[in-house]
Amino acid sequence: MTKVKCVAWDLDDTVWDGVALEAPQLPSPRPRVLELMAELEGRGILNSIASRSDPSLLERLREWPELYARVVAPHIGWAPKSATLTELADHLNVSLDAVVLVDEDPFTRAEVEHMTPEVRTLSLAALESALAEPEFSPPATAEAGRRVEMYREEERRRRAGSEFSGSQTDFFASCGMRLEIVVATPGDLPRLAELAERSHRLNSTGEAPSTAELSARISSPGHLVVRARLTDRFGDYGTIGLLTLARGPDEWRLETLAVSCRVEGRGVPGAVLAWAMAEAGRAGARTLAADYRASDRNLRLGLLYRQLGFRGSDPLRRDLTGELPGHPDWLEVSAPVTTPR
């Protein structure tokens with residue numbers, strides 16, 4: 001069961017009555033649609049636009065600020081709706097099965113269902129009923145409830161990056177990114193369990209340890225459980241990483257690595273793995289094993305393991321007796337030293 005992360009709305013005859021290009025002025029949004037958007041946002045679910053129309057309509061959405069303020073990353077153009085949704089999911093860095101299309105046109109829904117079967121399609125009436133389903137459930141933690149705000153912060157990062165005249169490395173350095181790695185406590189359990197359940201592309205096993213399993217590992221002297229948090233000058237990403245490590249005298253084992261896809265491309269997963277290698281080496285371990293079960297979703301994480309020197313199959317292993325990788329220069333890393341040198 002994949003939690004819904006984004007509801008993409010069609011415009012004509014869905015968000016408003018009629019066809020905007022055939023009307024003398026932009027139609028007004030249906031009041032019930034605005035109420036549903038507010039309800040979704042309160043549940044930490046993004047509202048976006050996926051509409052087949054003239055791209056110039058995008059700027060005109062500002063004529064209805066109560067609508068424009070509710071949506072992130074609106075996509076309007078003449079491409080097939082399935083292609084637009086694929087582009088939207090990539091833009092938001094979410095999987096297609098976390099996207100729902102609301103469209104009153106059954107033909108369009110059929111096209112999307114055929115071309116992108118991962119995307120769920122609903123009419124307005126069907127959305128009303130679907131809100132009672134677990135996939136639409138409110139966030140379990142206050143931090144997850146900030147998801148919409150976090151994505152808006154991400155849009156500000158995107159705009160700043162597109163306007164930046166230097167290299168991507170220079171832009172990252174200008175962002176003031178700070179990665180904080182701390183030992184997890186029982187109070188972190190709800191958010192860590194939620195993160196493990198929601199992460200897919202950067203999940204080492206494709207599985208999510210239960211709250212009970214995480215609790216047992218936190219209290220176990222043979223385990224080390226840490227959470228990672230990222231901030232920058234645009235805002236707070238919140239808790240974006242989970243690692244659970246089984247500590248042995250000669251070998252540590254990375255049982256779970258789950259990182260939010262929101263920080264992909266910023267060097268964070270590699271920095272977290274570099275910390276784990278250094279920490280195991282400080283404890284006297286000669287190797288770090290890593291549970292990794294490849295899937296269509298987490299192949300990028302498998303590639304990262306290989307780039308950082310892990311070899312073999314499940315579990316992968318990395319020799320710790322030689323030189324170990326560090327973290328990117330643009331990241332300031334604050335991390336615990338659980339084992340003295």
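Residues numbered from 1 in each chain as written. Predicted model: local features only at pLDDT ≥ 70, side-chain atom pairs only at ≥ 80, totals over all residues. Heavy atoms only, no water.

Concerning helix α11 (residues 268–282)
Selection criterion: By definition, any uninterrupted DSSP run of H or I lasting at least four residues is a helix, any uninterrupted run of E lasting at least two residues is a strand, and each is numbered from the N terminus. One fewer than the residue count of a helix, multiplied by 1.5 Å, yields its expected span.
Along its 15 residues, α11 runs 21 Å from first to last C-alpha, staying within 8% of the 21 Å computed at 1.5 Å per residue. Looking at the residues trailing α11, positive phi occurs at glycine 284, about 100°.

Quick word on the sheet that holds strand β3 (residues 75–77)
Across a sheet, paired strands are connected by hydrogen bonds in the backbone, their directions being either parallel or antiparallel. The cut-off we apply is this: Paired strands, as defined in this entry, are two strands with at least two bridges between them according to DSSP. All axes are obtained by fitting lines to C-alpha atoms, using only the stretch in contact for helices, and the reported angles, taken between N-to-C directions, cover 0 to 180 degrees. Should any heavy atoms of two residues lie within 4.5 Å, those residues are counted as being in contact.
Read from one edge to the other, the open sheet built from 5 strands follows the order β3-β2-β1-β4-β5, with strand pairing classed as parallel. A single partner strand is all that each edge strand has here, and the edge strands are β3 and β5 (120–122). Put simply, the sheet's adjacent strands are angled 20° from each other on average, direction ignored. Strands β1 (6–9) and β2 (46–52) of the sheet are contacted by helix α1 (residues 31–42), whose axis makes an angle of about 160° with β1.

Some details on the sheet that holds strand β8 (residues 235–247)
Read across the open sheet, the 7 strands follow the order β11-β10-β9-β8-β7-β6-β12; overall the sheet is mixed. At either margin of the open sheet sits one strand with a lone partner, and together these are β11 (316–319) and β12 (331–334). Between one strand and the next, the sheet's axes are offset by a mean angle of 25°, whatever the strand orientation. Pairing of strand β10 (residues 287–290) with β11, which is carried by 4 bridges, proceeds in the antiparallel orientation. Counted as the bridge partner of leucine 288 is arginine 318 from β11. Helix α9 (residues 189–198) rests against β7 (223–232), β8 and β9 (251–259) of the sheet, and its axis sits at about 90° to β8. Of the strands in this sheet, β9, β10 and β11 touch helix α12 (residues 299–307), which is tilted by about 145° from β9.

Here's the deal with the pattern of salt bridges
As a reminder of what qualifies: Salt bridge, as used here: a side-chain nitrogen of Lys or Arg that lies within 4 Å of a carboxyl oxygen of Asp or Glu. Three exposure classes are used, based on accessible area relative to the maximum for each residue type with a 1.4 Å probe and protein chains only: buried under 20%, partly exposed in between, and exposed over 50%.
On inspection of all chains with the given rule, the structure shows 27 salt bridges. Put simply, aspartate 10 and lysine 81 hold a salt bridge, and the shortest N to O gap is 3.3 Å. Here the residue aspartate 10 occupies a position in the loop between β1 and α1, and lysine 81 occupies one in helix α4 (residues 81–92), the gap between them amounting to 71 residues. In this structure, aspartate 10 and lysine 81 share a single accessibility class: buried. Between glutamate 63 and arginine 60 there is a salt bridge, with the nearest N and O atoms lying 3.1 Å from each other. Glutamate 63 sits in the partly exposed class, given a relative accessible area of 45%. Put simply, Glu154, Arg157, Asp232 and Arg266 are held in one network by salt bridges that share partners.

Re the nonpolar core
What counts is decided by this rule: Put simply, buried Ala, Val, Leu, Ile, Met, Phe, Trp, Tyr and Cys residues joined by side-chain atoms within 4.5 Å make one nonpolar core.
If you look at the biggest cluster of nonpolar residues, it comprises 42 residues, and the most contacted ones within it are Leu179, Leu230, Leu257 and Tyr305. Of all elements in the fold, only α8 (168–174), β6 (177–183), β7, β8, β9, α11, β10 and α12 reach the threshold of two or more residues within this core. Per-element accounting of this core gives the leading share, 8 residues, to α11. When sequence neighbours within four positions are dropped, the list of residues in contact with leucine 257 reads Leu202, Asn203, Ser204, Leu242, Leu243, Val272, Leu273, Leu301 and Tyr305. Core analysis: the next-biggest nonpolar cluster, separate from the first, contains 28 residues, Ala20, Leu34, Leu67 and Ile76 among them.

Details of α4
Note the cut-off: Each direction from the helix axis to a C-beta atom contributes to the arc, which is the arc of those directions.
When the terminal C-alpha atoms of α4 are compared, their 16 Å separation across 12 residues agrees well with the 16 Å that a helix rising 1.5 Å per residue should span. Of all the positions in α4, only Lys81, Ser82, Thr84, Leu85, Leu88, Ala89 and Leu92 are classed as buried. Relative to the axis of α4, the buried residues are bounded by an arc of 155° and lie together on one face. Away from its buried face, by an angle of more than 90 degrees, α4 presents the exposed residues Glu87 and Asp90. Those residues of α4 that are buried lie in contact with β1, β2, β3, β4 (99–102), α5 (106–115) and α7 (147–163). Backbone geometry just after α4 places asparagine 93 at a positive phi near 60°.

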